[in-house]
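Observations on the three-dimensional arrangement
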Amino acid sequence: IEVVDTYHVALASGDSTTALELLADDVTILESGGVEDKEHYRSGHLSGDMRFAQAVPRERGEITVQVIGDVAWAWSTNTAQGRMGERDVNSQGAELVVLARSDNGWKIKAIHWSSRQLR
């Protein structure tokens, strides 16, 4: 939970260095119907994710974590309400984060985000 929370705090504070340090070199990120590796995320969605996290408050529901050996996965839902540029945001989201224990602590190996408009 600490790694997931630190990652989200880094996004919300615009700290790309910390966010990227928490990602494994071979991370897979599934977002907006696409699949990205770390380099594509660094040069693509990362800046948008930080702008979004800074502009739109996100409230996470309960987070559940399962650990088997050196692998863990955490899942939660969230709501995000606010304004991003000219767009009003009122959405329900889900997040799945897969982590692996390394010599340097837990690293994020995969993230999958999905969301939909709240009605």
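Quick note: structure is the one above.
Residues numbered from 1 in each chain as written. Predicted model: local features only at pLDDT ≥ 70, side-chain atom pairs only at ≥ 80, totals over all residues. Heavy atoms only, no water.

In this section: the overall build of the chain. Within the chain, the secondary structure is distributed over four helices and seven strands. In the chain, the succession of α and β elements from N to C terminus is α-α-β-β-α-α-β-β-β-β-β. Taking 14 Å as the expected radius of gyration for a compact globule of 119 residues, we find that the chain reaches 14 Å, a close match to that expectation. Judged by the C-alpha coordinates and their principal axes, the chain covers about 45 × 30 × 25 Å. Burial status across the chain gives 32% buried among its 119 residues. (Helix = DSSP H or I, 4+ residues; strand = E, 2+ residues; numbered from the N terminus. Rg over C-alpha atoms; globule rule 2.2 N^0.38 Å. Buried < 20%, exposed > 50% of the residue type's maximum accessible area, 1.4 Å probe, protein only.)

This brings us to the pairing of strand S5 (residues 71–84). Bridge count for strand S3 (residues 58–60) against S5 is three bridges, and the pairing is antiparallel. Residue pairing across strands places Arg58 opposite Ala80, the latter belonging to S5. The turn linking strand S4 (residues 64–68) back onto S5 is made up of two residues, and Gly69 within it adopts a positive phi angle of 60°. Here 14 bridges tie S5 to strand S6 (residues 87–102), and the two strands are oriented antiparallel to one another. Bridge assignment links Ser76 to a residue of S6, and that residue is Glu95. With antiparallel pairing between neighbouring strands as the criterion, S5 and S6 make up a hairpin whose turn holds two residues, including Gly85 at a positive phi of roughly 65°. (Pairing = 2+ DSSP bridges.)

Okay, the nonpolar core next. A general trend in soluble globular proteins is that nonpolar side chains are found buried together. Judged by nonpolar contacts, the single largest core of 22 residues is most densely connected at Tyr7, Leu11, Leu23, Tyr41, Leu46, Ile108 and Ile111. Elements with a contribution of two residues or more to this core: helix H1 (2–13), helix H2 (16–21), strand S1 (23–31), helix H4 (45–55), S5, S6 and strand S7 (105–117). Ranked by residue count, the leading element in this core is H1, at five residues. Every residue in contact with Leu11, bar those within four places of it in the chain, is listed here: Ala19, Tyr41, Leu46, Asp49, Met50, Ala53 and Gln54. (Core = buried A, V, L, I, M, F, W, Y, C linked by side-chain atoms within 4.5 Å. Contact = heavy atoms within 4.5 Å.)

Here we come to the side chain of Asn78. When you line up the elements, Asn78 lands in strand S5. Residue class for Asn78 comes out buried when judged on its relative accessible area of 9%. Excluding anything up to four places from it in sequence, Asn78 contacts Arg58, Glu59, Arg60, Gly61, Ser91, Gln92, Gly93 and Ala94.

The next thing to look at is the pattern of salt bridges. Should the charged atoms of two oppositely charged side chains come close, the side chains can pair. Summed over all chains, the structure comprises eight salt bridges. Between Arg58 and Glu95 there is a salt bridge whose closest N-O contact spans 3.8 Å. Of this pair, Arg58 sits in strand S3 while Glu95 is found in strand S6, placing the two residues 37 residues apart along the sequence. Overall, the relative accessible area of 34% leaves Arg58 in the partly exposed class. Under the relative-accessibility criterion, Glu95 is labelled buried at 4%. (Salt bridge = Lys/Arg side-chain N within 4 Å of Asp/Glu carboxyl O.)

With that settled, consider the packing of H1 against H4. At a minimum axis distance of 6 Å, the contact between H1 and H4 shows a crossing angle of 85°. Taken together, the axes of H1 and H4 lie roughly perpendicular to each other. Residues Leu11, Ala12 and Ser13 of H1 pack against Leu46, Asp49, Met50, Ala53 and Gln54 of H4. Here the residues of the contact of H1 with H4 sort into five nonpolar, two polar and one charged. (Axes fitted to C-alpha atoms, helices over the stretch in contact; angles between N-to-C directions. Parallel < 35°, antiparallel > 145°, perpendicular 65-115°, else oblique. Nonpolar A, V, L, I, M, F, W, Y, C, P; charged D, E, K, R; others polar.)

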